[in-house]
Amino acid sequence: MAQMNMLQAVNNALMTAMEENERVMVLGEDVGHFGGVFRATSNLQEKFGRERVFNTPLVEQGIIGFANGLASQGSVAVAEIQFGDYIFPAFDQIVNETAKWRYRSGGQFSVGSLTIRTPYGGGIAGGLYHSQSPEAYFAHTPGMKIVTPRNPYQAKGLLLASIRDDNPVLFMEPKRIYRASVGDVPEEDYELPLGKAEVVKEGSDITLLAWGAQMEVMEKAAAMAEKDGISCEIVDLRSILPWDAETVCASVEKTGRLIVSHEAPQTGGFAAEISAKVQERCFLYLESPIMRVCGLDTPFPLAHEKEYMPDELKVYEAIKRSMNF
Amino acid sequence: MKTRNHLSDVGVVNQVNIISNGLIDIPMLQILAPDGTVLEGAVEPELSKETALKIFQTMQFIRVLDERMVAAQRQGRISFYLASTGEEAASAASAAALSFDDMIMSQYREQAALAYRGYTTEQFMNQMFSNEKEPNKGRQMPIHYGAKELNFMTISSPLGTQIPQAAGYAYGQKMEGKDAMTICYFGEGAASEGDFHAGLNMAAVLSCPVIFFCRNNGYAISTPADEQFKGDGIASRGIGYGIKTIRVDGNDALAIYAATQKAREIAVSEKCPVLIEAMSYRLAAHSTSDDPTGYRSKEEEAQWKAKDPIARMANWLVSKGWLNQEENAKHVEAMRQDVLTELKRVEKVPVCPIDDLVTDVYSEVPWHLEEQLKDLKEHIKKYPEHYPKTAGRVE
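Residues numbered from 1 in each chain as written. Chains lettered and ligands numbered in written order. Predicted model: local features only at pLDDT ≥ 70, side-chain atom pairs only at ≥ 80, totals over all residues. Heavy atoms only, no water.

**Comments concerning the overall build of chain B**
Scanning chain B from N- to C-terminus turns up 13 helices and nine strands. Computed over C-alpha atoms, the radius of gyration of chain B comes to 22 Å, within 12% of the 21 Å expected from 2.2 N^0.38 for 395 residues, which places it in the range of a compact globule. Expressed as lengths along the three principal axes of its C-alpha atoms, the size of chain B is roughly 75 × 50 × 40 Å. When each of the 395 residues of chain B is scored for burial, the buried share is 59%. For chain B, restricting intrachain contacts to residue pairs at least 6 apart in sequence, the fraction spanning at least 24 positions comes to 73%. A total of about 15600 Å² of accessible surface is found on chain B, and carbon and sulfur atoms cover 51% of it. One finds the centroid of the 42 positive side-chain charges in chain B at a distance of 2 Å from the centroid of its 53 negative side-chain charges. (Helix = DSSP H or I, 4+ residues; strand = E, 2+ residues; numbered from the N terminus. Rg over C-alpha atoms; globule rule 2.2 N^0.38 Å. Buried < 20%, exposed > 50% of the residue type's maximum accessible area, 1.4 Å probe, protein only. Contact = heavy atoms within 4.5 Å. Areas by Shrake-Rupley, 256 points an atom, 1.4 Å probe, with all protein chains shown as cover. Lys, Arg positive; Asp, Glu negative; His and termini not counted. Charge placed at Lys NZ, Arg CZ, Asp CG, Glu CD.)

Shown next, in the form of structure tokens:
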């Protein structure tokens with residue numbers, strides 16, 4: 001085991017995938033010699049050459065269109081979009097092409113070997129265009145898988161599984177904790193399951209559900225609540241699409257309470273989908289309404305970023321409201 | 001047509017030669033030699049002493065501002081900065097050739113155009129410190145300026161989006177019968193975006209009075225121009241779209257002024273777009289988040305430092321008898337003091353009150369945002385020490 005931060009774990013996963021399968025290629029803006037603006041692709045070009053690891057022109061729709069074609073041909077494409085905020089020029093390629101390739105061809109063709117990596121999320125003084133969490137736009141798109149890791153160990157195992165999965169995956173990396181999150185990561189090849197949530201801490205009074213960097217916030221809030229004698233069960237959703245309703249509902253049936261939290265705006269956020277499904281399945285088990293602690297329904301701010309974020313104090317207050325309902 | 005890498009030899013002519021059609025090897029307008037002497041056969045543009053000095057002082061001011069604010073970012077006083085070192089002439093001299101009524105839609109490295117329009121040191125600081133005096137209400141990262149009274153559209157980070165928007169804005173100006181047009185700045189990297197192609201094509205087809213001003217500075221973050229495109233730069237694309245085009249030395253303020261003046265005349269009188277490709281070099285890092293030592297050599301940078309647009313114009317001004325270098329040195333020192341004084345003063349100005357988190361999402365604040373704001377204020381009142389920027393002013 002080695003100590004790695006999340007960037008090193010992502011880099012290590014890419015190395016592992018490229019060593020194991022020579023058809024894996026990495027493309028995107030500045031991913032070549034420079035190693036990407038966050039250095040997630042450092043040393044890949046040196047090791048695997050300019051034909052397998054290459055800079056693209058600055059055109060997101062081109063990157064994903066190209067990667068779609070590459071994947072449909074049978075190569076394994078790992079495309080980087082430099083910031084999640086800049087994925088939208090590629091929206092058409094992802095929503096109308098990537099996600100529908102298999103369905104429209106009756107299963108003859110697919111781009112299942114495509115993985116799109118992109119950093120997302122706030123807390124870095126990035127303002128409107130370096131902070132967004134766009135998962136909900138893509139979660140409304142049948143045909144995609146959406147995955148996000150909470151720490152370096154998860155990042156390597158989930159990214160390797162995403163690259164090898166026979167479906168296109170949007171792999172969203174929580175950039176706020178790229179360097180801050182450090183932990184043990186096995187040097188060897190391993191995968192973690194897609195579509196499976198994980199109970200990271202067992203508890204009996206309330207379920208706290210989140211993903212990515214928000215997991216750290218949930219853990220802090222849970223620690224505050226524990227001091228009040230409230231036992232929190234913390235669940236990492238890990239895969240946003242398809243999501244693991246079974247694990248989430250089993251937890252809610254045990255605790256009777258649920259808080260879902262994400263940075264993205266509340267309205268139409270993925271917490272809404274989870275809330276709807278859980279109340280359908282667990283209605284008679286619920287002791288209080290399912291609560292959401294999310295970003296406000298505004299563009300992502302700069303001067304008021306701290307106030308906007310669904311921080312541990314807001315989650316803690318929601319826990320108390322849920323308990324005292 | 002030969003393939004041109006950014007740094008390969010660029011042919012030079014010394015006449016304003018707007019290419020209207022045809023696929024040729026596109027030369028670069030140059031009036032001043034790197035030492036500031038007027039090239040033989042070149043025609044100086046009609047440029048008053050007052051305008052020439054205003055261009056020059058704007059360039060010097062931006063050089064001073066950039067140096068100071070990069071340092072301020074390193075000290076943690078602002079979160080981010082993006083310098084335009086080496087490219088000051090492209091923005092300052094082009095802005096000088098415009099009419100004040102012309103709209104400027106910029107990318108994010110054209111602070112010299114904004115300064116030329118009259119944006120003050122205090123206004124620059126207000127934006128960079130995201131404070132309550134800033135008309136964009138502190139909502140964007142530093143350097144995302146916007147000033148309606150100066151006809152300078154608020155900057156957006158996503159690359160190239162302003163290109164088709166500029167075509168639409170210019171079409172509106174034409175329909176309104178105004179004697180005004182739009183200038184749209186962007187880099188050679190942004191010219192790879194789909195919006196570039198959409199924008200140029202629509203501007204040509206719909207006869208929009210717009211200048212597309214490409215600062216070809218050789219790099220998009222770490223990606224050099226020769227990994228960005230093949231073919232003869234950005235200028236050749238204008239010809240492909242049927243757009244009148246000129247390539248100009250981006251470090252030659254006189255050439256930029258002459259080219260932009262001519263381009264504006266064409267755009268307004270003929271109601272059509274013109275593309276200018278200014279060949280320059282991003283001497284600065286992409287931003288304070290970037291370190292160019294990882295992808296380019298000191299030797300390459302030194303080649304371009306020798307072509308510094310400020311020194312070049314200074315020598316020309318001295319030869320005209322319009323500039324005294326000793327007095328100028330004092331003037332630059334005064335600029336430094338002004339920037340430092342404003343920085344120290346403005347960094348104490350508070351951010352907007354929390355109510356401004358939810359304004360301007362729509363023209364009026366809808367019920368759900370009223371509700372979210374109310375909940376947020378109650379929360380801040382409960383934990384004021386955790387939200388020090390706003391807690392003191394929550395009612």
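**Focus: the domain arrangement of chain A**
Residues and elements named next belong to chain A. Examined at the domain level, chain A breaks down into domain 1 (2-185) and domain 2 (198-323). Here domain 1 and domain 2 have C-alpha centroids that lie 26 Å from each other. The interface is formed by 28 residues belonging to domain 1 together with 26 residues belonging to domain 2. Across the interface of domain 1 and domain 2, roughly 2000 Å² is buried in total on both sides, 58% from carbon and sulfur atoms. By the criterion of area lost to domain 2, the three top residues of domain 1 are Glu 135, Arg 150 and Arg 176, representing 27% of everything that side buries. Inspection of the region where domain 1 meets domain 2 yields three salt bridges. Where Glu 198 meets Arg 150, a salt bridge forms, and the shortest distance between an N and an O atom there is 2.9 Å. At the boundary of domain 1 and domain 2, one finds 14 residue pairs in polar contact (both at pLDDT 80 or more). (Domains from an automatic or database assignment. Buried area = accessible area lost by both parts, 1.4 Å probe. Salt bridge = Lys/Arg side-chain N within 4 Å of Asp/Glu carboxyl O. Polar contact = N/O pair within 3.5 Å; in protein donor to acceptor, adjacent residues only side chain to side chain.)

**Considering the environment of Asp 179 of chain B**
Residues and elements named next belong to chain B. Residue placement: Asp 179 occurs in the loop between helix H5 (162-175) and strand E4 (182-187). Classification of Asp 179 as exposed rests on a relative accessible area of 56%. Taking the C-alpha atoms as reference, Asp 179 lies 9.1 Å from Ser 99; in sequence the two are 80 residues apart. For Asp 179, the residues in contact, after removing those within four places along its chain, are Arg 264 and Val 268.

**Points about the packing of helix H9 (residues 245-255) of chain A against helix H10 (residues 270-282) of chain A**
Residues and elements named next belong to chain A. At their nearest, the axes of H9 and H10 sit 10 Å apart, and the two run at 60 degrees to each other. By the angle between their directions, the pair H9 and H10 is classed as oblique. For the element pair H9 and H10, the recorded crossing hand is right-handed. In this structure, H9 uses Ala 245, Glu 246, Val 248, Cys 249, Val 252 and Glu 253 to contact H10, whose residues at the interface are Lys 277, Val 278, Arg 281 and Cys 282. A per-class count over the contact of H9 with H10 returns six nonpolar, no polar and four charged. (Axes fitted to C-alpha atoms, helices over the stretch in contact; angles between N-to-C directions. Parallel < 35°, antiparallel > 145°, perpendicular 65-115°, else oblique. Left-handed = near helix turned anticlockwise from the far one by under 90°. Nonpolar A, V, L, I, M, F, W, Y, C, P; charged D, E, K, R; others polar.)

**Here's the deal with the packing of aromatic side chains**
One pass over the full model with this rule turns up 23 aromatic pairs over all chains. With centroids separated by 6.3 Å and ring planes inclined at 50 degrees, the aromatic side chains of Phe 88 of chain A and Phe 91 of chain A adopt a geometry described as tilted. Of the residues examined, Phe 88 of chain A reaches a relative accessible area of 29% and is grouped as partly exposed. For Phe 91 of chain A, a relative accessible area of 28% gives the class partly exposed. An aromatic cluster is present here, built from Phe 34 of chain A together with Tyr 219, Tyr 281, Tyr 295 and Trp 304 of chain B joined pairwise through their rings. Across from the ring centre of Phe 100 of chain B, 5.3 Å away, lies the NZ or CZ of Arg 117 of chain B, which sits over that ring. One Lys or Arg, Lys 307 of chain B, reaches over the ring of Trp 304 of chain B and ends 4.2 Å from the middle of that ring. (Phe/Tyr/Trp six-rings, centres within 6.5 Å; stacked < 30°, edge-to-face > 60°. Lys NZ or Arg CZ within 6 Å of the ring centre and 35° of its normal.)

**Regarding the interface of chain A and chain B**
Across the contact, 38 residues belong to chain A and 46 residues belong to chain B. Its largest share of buried area at the contact with chain B, chain A owes to Leu 58, His 304 and Glu 307 of chain A, together 19% of the area lost on that side. Between the two partners, chain A and chain B, sit two salt bridges. The salt bridge involving Arg 50 of chain A is made with Glu 227 of chain B; its shortest N-O contact spans 3.4 Å. Counting the contacts that link chain A with chain B gives 14 residue pairs in polar contact (both at pLDDT 80 or more). Among the elements that line the side of chain A that touches chain B, the one with the most residues is helix H12 (residues 312-323) of chain A, at five residues.

**Digging into the pattern of salt bridges**
One side chain can pair with another of opposite charge once the charged atoms of both are near each other. Taken as a whole, this structure holds 44 salt bridges over all chains when the rule is applied. Note that Lys 298 of chain B and Glu 301 of chain B form a salt bridge whose closest N and O atoms lie 3.9 Å from each other. Of this pair, Lys 298 of chain B and Glu 301 of chain B both sit in helix H10 (residues 298-305), three residues apart, roughly one helical turn. For the salt bridge of Arg 345 of chain B with Glu 342 of chain B, the shortest nitrogen-to-oxygen distance reads 2.8 Å. Separated by three residues within a single helix, Arg 345 of chain B and Glu 342 of chain B lie in helix H12 (residues 325-346), roughly one turn from each other. Residues participating in the shared-partner salt-bridge network are Glu 20, Arg 164, Asp 189 and Glu 191 of chain A.

**Points about the sheet that holds strand E11 (residues 232-236) of chain A**
All names here are of chain A. Within the open sheet, the five strands sit side by side as E9-E11-E10-E13-E14. Their pairing is mixed. In this open sheet, the two strands that pair with only one neighbour each are strand E9 (198-201) and strand E14 (291-295). Between one strand axis and the next, the sheet turns through 25 degrees on average, direction left out of account. Against the sheet, helix H8 (residues 214-227) touches E9, strand E10 (206-210), E11 and strand E13 (258-265), its axis set at about 175 degrees to E11. Helix-sheet contacts for H12 involve E10, E11, E13 and E14, and the interaxial angle to E14 is about 165 degrees. (Pairing = 2+ DSSP bridges.)

**Here we look at the sheet that holds strand E4 (residues 76-80) of chain A**
Residues and elements named next belong to chain A. Reading across from one edge, E3-E2-E4-E5-E7-E6-E12 is the order of the seven strands in this open sheet, with mixed pairing throughout. Two strands in the sheet have a free side with no partner beyond their single neighbour: strand E3 (53-55) and strand E12 (239-241). Between one strand axis and the next, the sheet turns through 20 degrees on average, direction left out of account. Pairing of strand E2 (residues 24-28) with E3 involves three bridges; the strand directions are parallel. Residue pairing for E3: Leu 27 is matched across the bridge by Phe 54. The sheet contacts of helix H1 (residues 6-20) involve E2, E3, E4, strand E5 (114-120) and strand E7 (169-174), and relative to E2 the element is tilted by about 135 degrees. Across the sheet, helix H7 (residues 152-164) is in contact with E2, E4, E5, strand E6 (145-147) and E7; its angle to E7 comes to roughly 160 degrees.

**Notes on the pairing of E2 of chain A**
Successive residues of a regular strand alternate their side chains across the two faces of the sheet. All names here are of chain A. Of all five residues that make up E2, five are buried, and the element is covered over most of its length. Of the two faces of E2, both are covered, the one formed by Val 24, Val 26 and Gly 28 as well as the one formed by Met 25 and Leu 27. In this structure, E2 lies alongside E4, joined through five bridges in parallel fashion. Note that in E4 the partner of Val 26 across the bridge is Val 78.

**Some words on the environment of Ala 93 of chain B**
Residue and element names in this part refer to chain B. The topology assignment puts Ala 93 in helix H2 (residues 88-96). Here the alpha-carbon distance between Ala 93 and Glu 193, two residues 100 residues apart in the chain, equals 26 Å. Those residues in contact with Ala 93 that sit more than four places away from it in its chain are Ile 55, Ala 253, Ile 256 and Tyr 257.

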